[in-house]
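Here is what each chain is made of, one letter per residue.
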Amino acid sequence: MKTKSLLLIAALLCAAVGIRAADSTTQPTPLVTQSSDKLIQILQSDAGRKEKADACRELAVVGDSKAVPVLVGLLANEELNHMARYALETIPGDGVNPALRGELARLHGLQLIGVIGSLGVRKDSSAVKPLSPLLGDSDPKIAQAVALALGEIGTVDAAQAIEKAFPKTAPANRLAFCDGLFRCAETLAAKNKTRNAIAIYDRLRGLTDVPNQVRAGALRGAIVVRGKKNLGLLKESLATTDAPLFAAAVRASLEIPGPEVTKVLTTRLPQLWPENKIVVIQALGSRGDIKALPALYSQANQGPKVVRLGAIHAVAAIGHSLSVKILVELVQDSEREISQAAQDGLAGILGTEADGAVLKFLKNPVASQRLIGIDLVGRRRMTVAMPELLIAATDANATVRSSAIQRVGKLGSPAEVSSLIRILLQSTNPQELDVLAEALTSICNRAGTPSSATAQIVDALSPATPAQKGALLAVLGALGGERSLAAVRAALTDSNQEVHTAALNSLSAWPDLAAAPDLLQIVRAKANNADREAAFRGYVRMVRESEISGGDKLKRLSEVASLADGTPEKMLVLAGFGDVISVESLQLVAPHLTDSSVIEEAGAVAVKIAEKLDAKHAADIGSALNQVLKSAKSPQILDRARKRMEQLKLPVQ
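> An account of the overall build of the protein chain is requested, with residue identities and associated values reported.
Helix and strand counts for the protein chain come out as 40 helices and zero strands. Over its C-alpha atoms the protein chain spans a radius of gyration of 39 Å, topping by over 25% the 26 Å that the globule rule assigns to 653 residues. With respect to the principal axes defined by its C-alpha atoms, the protein chain has extents near 105 × 80 × 50 Å. Across the 653 residues of the protein chain, 51% fall into the buried class. Across the protein chain, contacts joining residues at least 24 apart in sequence account for 63% of those joining residues at least 6 apart. Working note: accessible area of the protein chain is about 30300 Å², and carbon and sulfur atoms make up 52% of it.

> Which residues make up the packing of helix α20 (residues 305-318) against helix α21 (residues 321-331), and what are the values?
It is the contact of α20 with α21, at a shortest axis distance of 8 Å, that shows an interaxial angle of 145°. Here α20 and α21 pass one another in a crossing that is left-handed. For the pair formed by α20 and α21, the contact residues are Ile312, Val315, Ala316 and Ile318 on the first element and Ser323, Ile326, Leu327 and Leu330 on the second. Residue classes in the contact of α20 with α21 are distributed as seven nonpolar, one polar and no charged.

> Help me get a handle on the environment of Arg220, residues and values and all.
Examined against the element boundaries, Arg220 turns out to sit in helix α14 (residues 212-226). For the pair formed by Arg220 and Leu233, sequence separation is 13 residues and the distance between their alpha carbons is 9.9 Å. In terms of polar contacts, Arg220 uses its side chain to reach the side chain of Glu255, at 2.7 Å.

> Please provide a residue-by-residue account of helix α12 (residues 174-190), values included.
Counted at 1.5 Å a residue, the expected span for α12 with its 17 residues is 24 Å, and the 24 Å between its end C-alpha atoms agrees. The element α12 is largely enclosed, with a buried count of 14 among its 17 residues. Residue Asn192 follows α12 closely and has a positive phi angle near 65°.

> Tell me about the side chain of Ser546, and please be specific about residues and values.
If you trace the backbone, Ser546 turns up in the loop between α34 (529-545) and α35 (550-561). Ser546 gets classed as buried once you look at its relative accessible area, which sits at 13%. In this view, Ser546 contacts Leu513 and Lys553; residues no more than four positions away in its chain are not counted.

> Could you give me a rundown of the nonpolar core, with the residues and numbers involved?
Ranked by internal contacts, the top residues of the largest apolar core, which has 222 residues, are Leu71, Ile116, Leu131, Leu150, Leu473 and Val628. With nine residues, α12 is the single largest residue contributor to this core. Once residues lying within four places of it in the same chain are set aside, the contact partners of Leu131 are Leu104, Ile116, Leu119, Val146, Leu150 and Ile153.

> So what's going on with the confidence of the model for the protein chain? Residues and values would help.
Averaged over the protein chain, the pLDDT score is 93; the fraction of residues at 70 or greater is 95%. Ranking the helices and strands of the protein chain by mean pLDDT puts helix α27 (residues 417-424) first, with 98, and helix α1 (residues 8-15) last, with 30.

> Describe in detail the pattern of salt bridges, supporting the description with residues and values.
Opposite charge on two side chains lets them pair, provided their charged atoms get close. Applying the stated criterion across every chain, the model contains 35 salt bridges. The closest approach of N and O atoms between Asp209 and Arg174, which form a salt bridge, is 3.1 Å. Pair noted here: Asp209 is in the loop between α13 (194-205) and α14 and Arg174 is in helix α12, with a separation of 35 residues, a long-range link. For Asp209, a relative accessible area of 39% gives the class partly exposed. One connected set of salt bridges, linked through shared partners, spans Lys123, Glu152, Asp179 and Arg183.

Basis of the calculations
Residues numbered from 1 in each chain as written. Predicted model: local features only at pLDDT ≥ 70, side-chain atom pairs only at ≥ 80, totals over all residues. Heavy atoms only, no water. Helix = DSSP H or I, 4+ residues; strand = E, 2+ residues; numbered from the N terminus. Rg over C-alpha atoms; globule rule 2.2 N^0.38 Å. Buried < 20%, exposed > 50% of the residue type's maximum accessible area, 1.4 Å probe, protein only. Contact = heavy atoms within 4.5 Å. Areas by Shrake-Rupley, 256 points an atom, 1.4 Å probe, with all protein chains shown as cover. Axes fitted to C-alpha atoms, helices over the stretch in contact; angles between N-to-C directions. Left-handed = near helix turned anticlockwise from the far one by under 90°. Nonpolar A, V, L, I, M, F, W, Y, C, P; charged D, E, K, R; others polar. Polar contact = N/O pair within 3.5 Å; in protein donor to acceptor, adjacent residues only side chain to side chain. Expected span 1.5 Å × (residues − 1). Core = buried A, V, L, I, M, F, W, Y, C linked by side-chain atoms within 4.5 Å. pLDDT = per-residue confidence, 0-100. Salt bridge = Lys/Arg side-chain N within 4 Å of Asp/Glu carboxyl O.

Put into structure tokens, the structure is as follows:
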């Protein structure tokens with residue numbers, strides 16, 4: 001059992017800096033390179049501090065009784081005291097403890113405090129008698145160090161010594177004394193000396209001039225050590241109005257397994273204030289005892305909303321089949337937050353019981369319930385529900401259909417492609433066709449665009465209506481590939497304008513450069529303004545997002561730049577030039593610095609490139625930025641241009 005004293009340990013650490021440095025600082029395991037005798041010789045020589053410290057570190061691993069006198073001789077040394085104790089604390093045998101005890105009367109200050117701490121680390125029960133008088137030392141650091149060391153020793157005598165000195169100790173020492181008693185109680189409980197441990201905890205919780213965390217920690221320990229065979233103190237504490245003590249009692253209940261504790265908590269639960277109910281409800285959820293479910297069910301169905309929500313979360317945390325039944329019932333609650341919390345609980349419970357409950361929602365005659373089922377299928381990643389989802393994808397309710405199709409897209413595999421295509425070829429709703437296209441795209445992309453799926457989508461173009469073809473072409477445009485591209489090219493010549501536009505949009509969204517020649521051809525043809533604009537934008541986007549080299553990007557962008565018609569298209573190309581930081585891209589931007597339609601945009605791109613371009617291109621940078629300073633109007637662009645010129649020490653013309 002570990003004593004949880006809340007902020008007590010942190011407070012003690014702050015109050016006793018340097019008391020037990022060897023115990024609180026983890027030292028690296030040394031690489032032993034020399035024998036014990038050789039290390040002892042180093043300590044007896046005139047070697048430097050580092051060499052001797054390293055020797056102590058190695059003696060912590062290989063040292064024996066021969067090293068003890070030498071190490072003890074270093075305890076008065078301010079520089080080596082710590083490392084000497086580090087070695088002594090790990091050396092086996094009966095010689096170390098008497099040697100350390102012998103130093104208690106000889107050392108002072110930090111060196112004494114260190115030795116006191118080492119006696120605690122070694123749990124030297126024979127040190128209790130010589131340490132006890134030092135509990136009354138006028139130096140609070142020494143008194144506190146002794147209390148902590150006695151706590152580490154953890155015998156009945158050690159606890160009695162601290163208790164005897166406690167009434168007379170200074171207020172500044174009380175926290176350390178309490179911690180020493182906590183450590184004694186913990187050790188005694190671990191050795192099955194429960195009566196002694198309980199006595200210590202009971203005395204600590206009876207103190208009135210100590211911080212709340214001491215009383216709370218003592219109550220927790222007293223309850224836990226008594227265990228489930230004596231729950232009277234737990235029952236009593238659950239009735240207290242003292243918030244820290246109440247919280248400590250509930251915390252203790254988490255450490256005692258068994259239905260007996262659950263019964264105590266659930267019996268008291270109805271009489272508690274809402275704030276305390278929530279604490280107990282959370283504990284019941286953490287305990288995971290199914291015997292708490294009836295009480296939690298009652299709390300989930302009545303009272304303040306915050307209590308009901310807490311009970312629902314606890315029911316879900318227990319995760320039993322009965323939890324599933326309770327949550328299914330609460331999903332029907334008229335209070336939206338309660339219903340949603342129950343749904344959230346169902347989403348997180350593992351097992352076939354919860355799966356079965358979700359499937360029942362999918363088959364519910366009420367559309368809103370079917371939507372809940374669809375949502376839960378998605379959140380639970382229930383691929384087992386795919387047949388029911390596909391049925392829901394043809395539901396009479398449009399909202400149910402759309403939601404089911406989306407879930408099929410997120411959970412489905414290529415095996416569902418044919419079913420989705422069949423549904424698509426029966427749909428006439430534009431919004432639904434878009435959802436079907438997204439679902440097909442999602443499935444195919446996750447599966448790596450299998451050729452079988454592409455073939456099915458291409459084959460479906462023939463019997464499809466124009467609107468359906470548009471959805472199918474959108475999928476092909478997202479998937480890419482030679483067969484998809486051939487089908488989209490063919491659709492470009494379709495006499496139906498809707499199909500033609502869909503094919504062009506598909507080309508413009510192509511995932512790689514395979515469609516680039518087709519788009520460039522459309523731009524050059526200048527047959528239709530709308531087609532040309534879409535192709536131009538698609539081409540520039542495609543090049544900018546491609547993984548080709550910067551030089552290739554500039555070559556392609558430069559080619560289409562000569563075909564740019566109007567300010568928007570020029571701006572697109574300029575943005576593309578700005579993606580490539582090179583002297584070549586800066587040179588391509590330069591002519592646009594005198595184009596009145598894009599002066600500001602060109603200036604911004606030129607500055608962006610110039611700021612990142614290597615100084616070895618200073619001549620080109622200076623030429624471009626001087627033009628920016630002549631033509632740009634934006635104060636921000638001008639400031640950035642001047643700053644870069646100054647950095648490179650370029651003359652302003």
